[in-house]
Structure formats: C-alpha cells, structure tokens
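# Structure assessment
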Amino acid sequence: MGGMHLSELIRDEPERGLFRVHRSSMTSREIFQLEQERIFSRSWLYLAHDSELRQAGEYRRKTMAGRPVFIVRGRDGRVRAFMNTCTHRGALVCRQDQGAAETFQCFYHGWTFNNQGELVGIPDQSGYSECFDRVERGLTPVPRLESYRGMWFVSFQPDIDDLVTYLGDLRECIDLTVDSAELLGGWEVVPGNAKYTIRANWKLLVENSLDGYHLPTVHHTYIDYMDRRLEAAGSSRLLENQRIGHSSNGVSYARGHGGFLHFSAGRTIANSSPLWSPEAQAEVADIRRRLIERYGQDRGTEMADRSRHLIIFPNLLFQDSHTGMRFRQVWPVAPDAVEVLQTDLVPRDESAELRAYRLEWSRAFLGPGGLATPDDVEALESCQAGFGALESEWSDVSRGMSREPQANDELQMRGFWREWQHQLGGRAFGSEVGDQVPQALHA
Amino acid sequence: MPEAPLLRLEVEVFLYHEAALLDDWRLDEWLALFTPDCAYVVPTTDLPEGDPAHDAVFIDDNYERLQGRVTRLKSRHAHREYPSSRTRHLVTNVRVLQASEAEVEAAAAFVVYRIRSGQVAPYIGHYRYKLARVDGGFRIRYKRATLDLETLREHGAVSIIL
C-alpha cells in the first residue's frame with residue numbers, strides 16, 4: 001500500500017456503475033489505528049438497552065474503542081456512564097460485566113464511589129491536604145451519553161451532533177421496529193449474550209450483515225433444513241417466503257447508516273409461519289390486526305411484514321427479521337480480528353408460545369451454535385485469508401449500482417464505505433507505522 | 001450417593017463410546033444414541049445456568065433439530081465444517097449423581113479440541129447427562145454441555161458437536 005492515499009482506497013464510479021474497495025483497508029494496521037482515532041473515537045457507539053438498567057444500581061460494563069466504561073442507573077433514577085477507572089491510581093472500579101451495586105469500591109486502596117459517580121469514601125482521609133477536593137475526584141463521566149428509544153449511546157467526541165441528528169432518517173426504520181412492540185410492553189433484552197471472535201476485519205462483518213446476496217450460497221444447509229420443515233407442512237420454500245430478490249430494497253442514509261428490507265414470513269410481530277400452531281398463528285394475526293388499527297394500514301403492514309437489517313454507523317447492527325430482534329455489536333480488536341457481542345431482544349409481554357418460536361428461530365439461524373452463523377464466520381475468515389493474495393488488490397461492491405437497489409444488492413454497503421472514507425479523511429499516509437503519517441492525523 | 005464404581009464404569013464406557021463416534025464423525029450412529037424425547041443444550045458463555053425456556057442459549061435441540069444439525073454437518077455445504085475439522089473429545093471426572101432403574105444422571109468434565117485451518121481451539125467445560133436405560137444399554141435423554149470459557153475468543157462458533 002506504500003504511498004497510497006486514503007482517498008484512493010475506494011474507487012467509486014457511479015456513472016459506470018462500478019465500486020471497488022482496496023483490500024488494504026481491511027489488512028493495514030495503520031488504517032486500523034486511524035479507524036480507532038477517527039471513527040470509533042468520534043461516533044455515537046451503542047452501550048446498553050434501557051431494559052438492562054431498570055432498577056437503581058443496575059450496571060453494564062464494556063470496553064468501547066479500547067476504553068473501559070460502565071453505565072449505571074443511579075439511586076436518583078438517572079442513567080450515567082463513567083470511564084471505568086479509579087480517579088486515585090487507575091484500577092478498574094467496576095469489575096463485572098453486569099450486576100447491581102449501590103457503590104463501587106476500588107479494591108486497590110479502598111476509594112469508594114456511589115452509583116452516581118460521587119467519591120463517598122476514602123480510607124484515612126487525614127492524609128490529604130486542604131486543597132484536595134473530593135468532588136473533583138468523582139468518577140470521570142463519558143464525554144457524551146444520550147439515548148434514543150431505549151438505546152443508550154456513548155460518544156468520546158464532546159462536540160458531536162446530538163444523537164437524534166446523528167441517526168437522521170434511519171430513525172424511521174428504527175421507529176417501525178420499536179413501535180411494533182409497544183402493544184406488547186416494549187422490547188427487553190433476553191439474558192444470555194453470544195460473545196465470539198472472528199479472525200477477520202470488522203468491516204467484513206458489517207458487509208456480511210447487510211448482505212442479502214449470500215443467503216443461497218453460504219446458508220445452503222440452513223435453507224435446506226427450513227425447506228424440509230416447510231415442505232412437510234405443505235408450505236412454500238424459505239427463500240420464496242423471505243422474498244429477498246423482490247418486494248425488497250436496500251436503503252442508504254446520510255452518515256453511513258442503511259440496510260436492507262424485505263418481506264418476511266415467520267415474524268412473531270406479526271406475519272405468521274405455517275410451521276406454528278393454529279393458536280400461535282391466530283395470536284400473530286391478532287397482533288397484526290392491532291398494529292394496523294393503531295398505526296394505520298401502511299405503517300402497520302410495514303411493521304408486520306418486512307424485516308429490517310440495519311447498520312447504525314459505525315458498528316451497531318440492528319436486526320429485526322424472522323430470526324428475531326437483535327443488536328449485534330461489532331468491536332474491532334485488530335486489523336484481522338473482530339469481537340462480536342450479540343444480544344437478542346423480545347417483547348416483554350409476548351406469550352410463552354410465541355416467545356418459544358421466536359427464540360427457536362433465532363437459535364436455528366443466528367449465533368455461534370446456529371445452522372447459519374458459523375458459515376458466515378467461515379466466509380469472513382476465508383475473505384481475510386484471501387486478502388493475503390496481495391497481487392489481487394480490490395474487492396468489488398458494485399452490485400445493483402445501475403438499477404433500483406434490491407435487498408440482495410450492495411447499495412447499503414457502499415453507503416457504509418463512503419461514510420467510512422469520509423470519516424477517515426482523504427489525506428496521504430505512508431506504508432510504515434509512524435512513517436509519513438502527518439501530525440494532523442493525530443490531532 | 002454411595003460409591004458405585006461399577007455403575008460409573010458403565011457410564012464411562014458409554015461416554016467414551018459417544019466421544020469416539022463424534023471424533024470419527026460417525027454422526028448417524030451418534031444420533032442413534034438419543035431417545036426421541038431428547039434435548040441437547042449448550043448455554044451461552046456468560047450465562048452458564050441459562051434455561052432455554054426463557055434465556056438465549058447457543059443450542060437447544062430436540063430430536064428433530066438434532067437430526068437437522070447432523071444432516072447439516074454431513075453436507076459439503078456446511079462450510080465451517082467442510083472439510084471436517086479434526087476433533088478430540090476428552091471426557092473425565094465422571095460422576096454418577098443419581099440412579100434409578102430407568103435413568104442414570106451423570107456429570108463429567110470435558111475438553112474438546114477442534115483443529116482446523118492452522119488453529120487449535122479447546123472447548124473447556126462440563127457435561128450433565130440423563131441416560132435412559134433402554135434394551136439393556138443407555139440412550140441419551142438429556143445432554144448439556146456447559147462451557148467454562150468466558151467468550152468464544154479462539155473458536156468463532158460452536159460448529160462441531162461438543
């Protein structure tokens with residue numbers, strides 16, 4: 001990649017219907033580092049869902065863009081997020097991924113913070129001067145914390161646009177899914193997260209999650225399994241049920257957000273599967289009727305019938321499909337390694353039977369033990385291995401560029417890549433770490 | 001539970017046989033070890049006590065789904081496992097927890113190595129079995145493989161049968 005400019009990493013030729021990405025963007029350590037500085041340190045990053053923070057003291061811990069943080073509902077009912085480090089000498093004060101606590105005591109010297117971040121206990125305080133201010137030594141809040149429809153986001157960029165502005169028109173899609181569960185008490189996180197690492201660049205997972213084109217090839221065995229069950233029930237086959245190629249489209253919004261939408265059977269909200277019991281099908285029909293009654297024919301039908309596979313730039317995949325509702329968080333750890341944290345959500349008051357179908361269909365496809373996700377992992381690792389063939393420099397992301405974009409086209413990926421390049425900036429950099437990288441890059 | 005070495009031995013013989021079938025990829029024979037009302041469960045790493053009835057788990061197979069899993073693993077389209085990985089199921093610390101004439105409940109520790117594409121990934125954890133006595137032998141009514149791992153950092157998936 002010696003001497004290549006950031007602006008050269010993408011060849012975007014709309015007039016010719018061609019779009020290519022230079023593969024160094026998925027292998028270079030320099031680019032990985034720039035992504036951390038310019039994208040992950042300057043975007044809104046999803047941290048937790050309201051349903052995980054219902055009671056005072058409930059907390060969730062995470063490493064975001066390399067920084068240890070935690071989010072907690074204080075005794076006063078307010079949600080705050082803090083940098084997870086003792087203001088004394090630095091040890092982690094929150095030492096479990098989740099739980100509930102009135103206080104967080106640093107085990108090193110015993111400084112104690114309440115769940116509002118205030119320093120409330122110092123062993124042997126007489127050792128400190130009059131100028132020592134306990135208030136100043138409270139936990140460091142994250143620079144920005146905002147929520148949208150129950151989703152809490154953090155940004156390390158103090159002057160970033162507010163979250164609503166940042167999400168922009170993608171909110172229409174998010175709102176469809178969030179509103180669709182209001183009749184059933186709203187969405188809540190199910191206990192049990194999938195945490196796994198893929199030996200591939202994080203952007204490959206973003207692409208894969210926005211990719212309707214790979215289903216028949218990568219997910220042959222899953223489709224085969226579902227088809228056998230559907231055919232036994234006298235129904236049409238899965239891909240006809242899911243209609244990826246028609247009644248579908250790709251969407252791309254400002255700031256890199258986007259996704260693909262398609263008609264989808266087997267959504268517990270609210271488009272039945274023939275594999276479900278007559279009682280369950282009647283219940284789904286009733287949910288659908290109530291959605292249309294409340295939100296009107298167009299919006300109600302849209303909520304019920306169509307699956308939404310969205311990216312909230314840069315790293316939150318928001319998925320509402322026949323395989324359930326889920327957040328898939330994508331955390332790069334190296335140019336060729338990504339940590340995935342996958343959380344399923346369910347409508348709080350969904351019946352036990354529909355809940356069981358929902359969870360079964362989620363497990364059948366998604367997650368490390370599913371019949372489909374392991375093959376995505378294989379595909380991504382295979383791409384990363386293929387990038388070792390340096391003489392083949394470019395990946396092609398042109399599909400659908402010269403037609404009205406379908407769900408199995410790649411518009412949504414191009415939107416992501418364009419914003420990625422925009423955030424990274426177009427300035428030159430060299431091929432060696434620390435070499436030729438302009439100082440401004442580190443500003 | 002008083003010591004019952006002969007029963008433990010009987011369970012061990014059965015579990016070693018199961019492990020050998022898996023490592024040899026004789027999956028149809030392995031499937032035949034299960035009762036029609038069976039369950040095979042693998043909870044997530046962050047919730048070892050996870051209950052498939054209301055929690056998200058990695059795997060919650062009944063016989064039909066287990067059959068689907070075996071069919072998949074025998075297909076050349078199961079990309080994560082085609083070509084098949086090499087595996088080695090090490091089963092140890094076998095304990096009989098409960099026994100009646102109809103069923104034996106047993107626990108064991110395991111390390112299952114998966115070797116493929118230049119990587120060696122050990123799945124470390126413990127089993128809980130309910131073994132039904134059928135025709136003078138055992139059939140698996142319940143198998144739960146609980147991982148001691150914090151995440152699937154080395155593994156990427158649970159694409160093999162634990």
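Quick note: structure is the one above.
Note that the coordinates shown come from a computational prediction; the quantities given were computed from them, not determined experimentally.

A tally of regular secondary structure across chain B gives three helices and six strands. Ordered by position from the N terminus, the helices and strands of chain B form the series α-α-β-β-α-β-β-β-β. Expected size for 162 residues packed as a compact globule is a radius of gyration near 15 Å; at 15 Å, chain B falls within 12% of this value. Seen through its principal axes, chain B has C-alpha atoms that stretch 45 × 30 × 30 Å. Intrachain contacts of chain B at a sequence separation of at least 6 include 55% that bridge at least 24 residues.

Contacts between chain A and chain B engage 28 residues on the former and 30 residues on the latter. Those elements giving two or more residues to the side of chain A that touches chain B turn out to be β14 (194-198), α6 (220-232), α10 (352-365) and α11 (373-386) of chain A. The dominant element in the side of chain A that touches chain B, judged by the number of residues it contributes, is α11 of chain A, at six residues. For the side of chain A that touches chain B, the residue count by class is 13 nonpolar, eight polar and seven charged.

Before going further, it helps to spend a moment on the nonpolar core. All names here are of chain A. One finds Leu 45, Leu 47, Ile 71, Leu 205 and Ile 312 to be the most contacted residues of the largest nonpolar core, which totals 124 residues. The element that contributes the greatest number of residues to this core is helix α12 (residues 411-424), accounting for five residues. Viewed by domain, this core spans two of them, domain 1 (45-155) and domain 2 (168-424), each represented by three or more residues. When residues no more than four places from it in sequence are discounted, the contact partners of Leu 45 are Phe 40, Met 64, Ala 65, Phe 153, Val 154, Ser 155 and Asn 315. Listed in part, the 15 residues of the second largest apolar core include Trp 276, Tyr 357, Trp 361 and Ala 372.

Reading guide: rules and limits
- Residues numbered from 1 in each chain as written.
- Chains lettered and ligands numbered in written order.
- Predicted model: local features only at pLDDT ≥ 70, side-chain atom pairs only at ≥ 80, totals over all residues.
- Helix = DSSP H or I, 4+ residues; strand = E, 2+ residues; numbered from the N terminus.
- Rg over C-alpha atoms; globule rule 2.2 N^0.38 Å.
- Contact = placed C-beta atoms within 7 Å.
- Nonpolar A, V, L, I, M, F, W, Y, C, P; charged D, E, K, R; others polar.
- Core = buried A, V, L, I, M, F, W, Y, C linked by C-beta atoms within 7 Å.
- Buried ≥ 20, exposed ≤ 12 C-beta atoms within 10 Å, placed from the backbone.
- Domains from an automatic or database assignment.

Fair warning: the whole summary comes from geometry, so function is off the table for now.
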